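The residues making up each chain are set out below.
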Amino acid sequence: MKEEMIKQPVSRLCFRSKVALAPMVRVGTLPMRLLALDYGADIVYCEELIDIKMQQCRRVVNEVLETVDFVAPEERVMFRTCEREKDHVVFQMGTADPERALAVAKLVENDVAAIDVNMGCPKEYSTKGGMGAALLSDPDRIERNVGPLFSVLF
C-alpha cells in the first residue's frame with residue numbers, strides 16, 4: 001500500500017429520476033454499495049462517518065484489493081472505495097465543525113461523486129455532539145458548517 005494524492009476536476013452528481021441506496025449504519029460498506037449498483041442503484045451512500053475520526057485518516061491506495069482506503073492511525077480502514085463506484089458514491093459526514101468538515105471533504109473529494117453533511121440522524125451520539133438532526137435546530141450553524149464546503153470545493 002502506498003499513500004497517494006491525486007487532484008481531479010469537480011463534477012456534479014444529478015439526483016433526478018435516480019435509484020439511491022440510502023445511508024445505513026454498519027451496512028453502507030463497499031461490498032453492499034457494489035451489490036446495490038449491481039442491482040440497479042444509480043447512487044449509493046456510505047454510512048455516516050464522523051469528521052473527527054476521518055480527519056485523522058490517511059489516504060492509501062490498496063493495490064491488492066484495487067481500492068482506495070482511508071486508514072485511521074490504529075490501522076483501521078474507516079472508509080473504502082474503488083474506481084467502479086467513484087461516480088456513484090456519496091460520502092456522508094457527521095460534523096458540527098466547519099474546519100473539520102472542510103478538511104475531511106478535501107481528503108475524500110477526488111474519490112467520491114458527492115459529499116453529504118448528515119442533518120437527519122436523531123440518535124443521541126450525533127445530536128449530543130451538535131451533529132445530525134441537531135443542526136436543523138440552528139440554521140446559522142448549518143450555514144457555518146456547510147458554507148465553507150461550497151465556497152472552497154465548488
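Note that the coordinates shown come from a computational prediction; the quantities given were computed from them, not determined experimentally.

(A) Representation of the packing of aromatic side chains within the structure. Applying the stated criterion across every chain, the model contains two aromatic pairs. Between the aromatic rings of F79 and F91, the centroid separation amounts to 5.2 Å while the plane-to-plane angle is 75°, which identifies the pairing as edge-to-face. Of this pair, F79 sits in strand β7 (residues 77-81) while F91 is found in strand β8 (residues 89-94), placing the two residues twelve residues apart along the sequence. Among the residues examined, F91 registers a relative accessible area of 0% and is labelled buried. Feature note: the residues F70, F79 and F91 constitute an aromatic cluster, connected by ring pairs.

(B) Seen up close, unusual backbone geometry. A positive phi angle, close to 60°, is found at R26, a residue other than glycine. For R26, the position within the fold is in the loop between β2 (20-21) and α1 (30-38). Judged by its relative accessible area of 71%, R26 is exposed. Notably, E75 is not glycine yet its phi reads approximately 70°, a positive angle. Position of E75 among the secondary structure elements: in the loop between β6 (67-71) and β7.

(C) Looking closely at the confidence of the model for the protein. Across the protein, pLDDT averages 89, with 92% of residues at or above 70. Below a pLDDT of 50 lies the segment residues 1-9, which in the model reaches 20 contacts outside its immediate sequence neighbourhood of four places, other chains included.

(D) Examining a nonpolar patch on the surface more closely. On the surface, M24, V27, M32, L35 and Y39 cluster together into a nonpolar patch covering about 480 Å² of accessible area. Mapped onto the secondary structure, M32 falls in helix α1.

(E) Geometry of the pattern of salt bridges. Applying the stated criterion to the full structure yields ten salt bridges. Across the pair R33 and E85 runs a salt bridge whose closest N-O atoms are separated by 2.7 Å. With a gap of 52 residues between them, R33 in helix α1 and E85 in the loop between β7 and β8 connect regions that are remote in the sequence. In terms of burial, R33 and E85 fall into one category: buried. Each of D138, R141 and R144 takes part in one network of salt bridges that share partners.

(F) Just the nonpolar core, in detail. Of all hydrophobic cores here, the largest spans 32 residues; its most connected members are M54, F70, F79 and F91. Looking at this core, the elements with two or more residues in it are α1, β6, β7, β8, α3 (98-108) and α5 (139-153). The element that contributes the greatest number of residues to this core is α3, accounting for six residues. Setting aside residues up to four positions removed in sequence, M54 forms contacts with L49, F70, M78, F79, F91, V104, L107 and V108.

(G) Quick peek at α1. Among all positions of α1, only L30, R33, L34, A36 and L37 are buried. Summarising the axial view, the buried residues of α1 lie within an arc of 155°, below the 170-degree limit, and thus occupy one face. Pointing more than 90 degrees away from the buried face of α1 are the exposed residues P31 and D38. In this fold, the buried residues of α1 make contact with β2, β3 (43-45), β6, β7 and β8. Immediately beyond the C-terminal end of α1, within one or two residues, lies G40, with a positive phi of roughly 110°.

(H) Structural detail: the packing of α3 against α5. At a minimum axis distance of 8 Å, the contact between α3 and α5 shows a crossing angle of 35°. Crossing handedness for the pair α3 and α5: right-handed. Between α3 and α5, the residues in contact are P98, A101, L102, A105 and K106 and R144, N145, P148, L149, V152 and L153, respectively. Split by residue class, the contact of α3 with α5 holds eight nonpolar, one polar and two charged.

What counts as what
- Residues numbered from 1 in each chain as written.
- Predicted model: local features only at pLDDT ≥ 70, side-chain atom pairs only at ≥ 80, totals over all residues.
- Heavy atoms only, no water.
- Phe/Tyr/Trp six-rings, centres within 6.5 Å; stacked < 30°, edge-to-face > 60°.
- Helix = DSSP H or I, 4+ residues; strand = E, 2+ residues; numbered from the N terminus.
- Buried < 20%, exposed > 50% of the residue type's maximum accessible area, 1.4 Å probe, protein only.
- pLDDT = per-residue confidence, 0-100.
- Contact = heavy atoms within 4.5 Å.
- Patch = residues over 30% accessible without salt bridge, like charges linked within 9 Å, V, L, I, M, F, W, Y side chains within 5 Å.
- Areas by Shrake-Rupley, 256 points an atom, 1.4 Å probe, with all protein chains shown as cover.
- Salt bridge = Lys/Arg side-chain N within 4 Å of Asp/Glu carboxyl O.
- Core = buried A, V, L, I, M, F, W, Y, C linked by side-chain atoms within 4.5 Å.
- Arc of directions from axis to C-beta.
- Axes fitted to C-alpha atoms, helices over the stretch in contact; angles between N-to-C directions.
- Left-handed = near helix turned anticlockwise from the far one by under 90°.
- Nonpolar A, V, L, I, M, F, W, Y, C, P; charged D, E, K, R; others polar.

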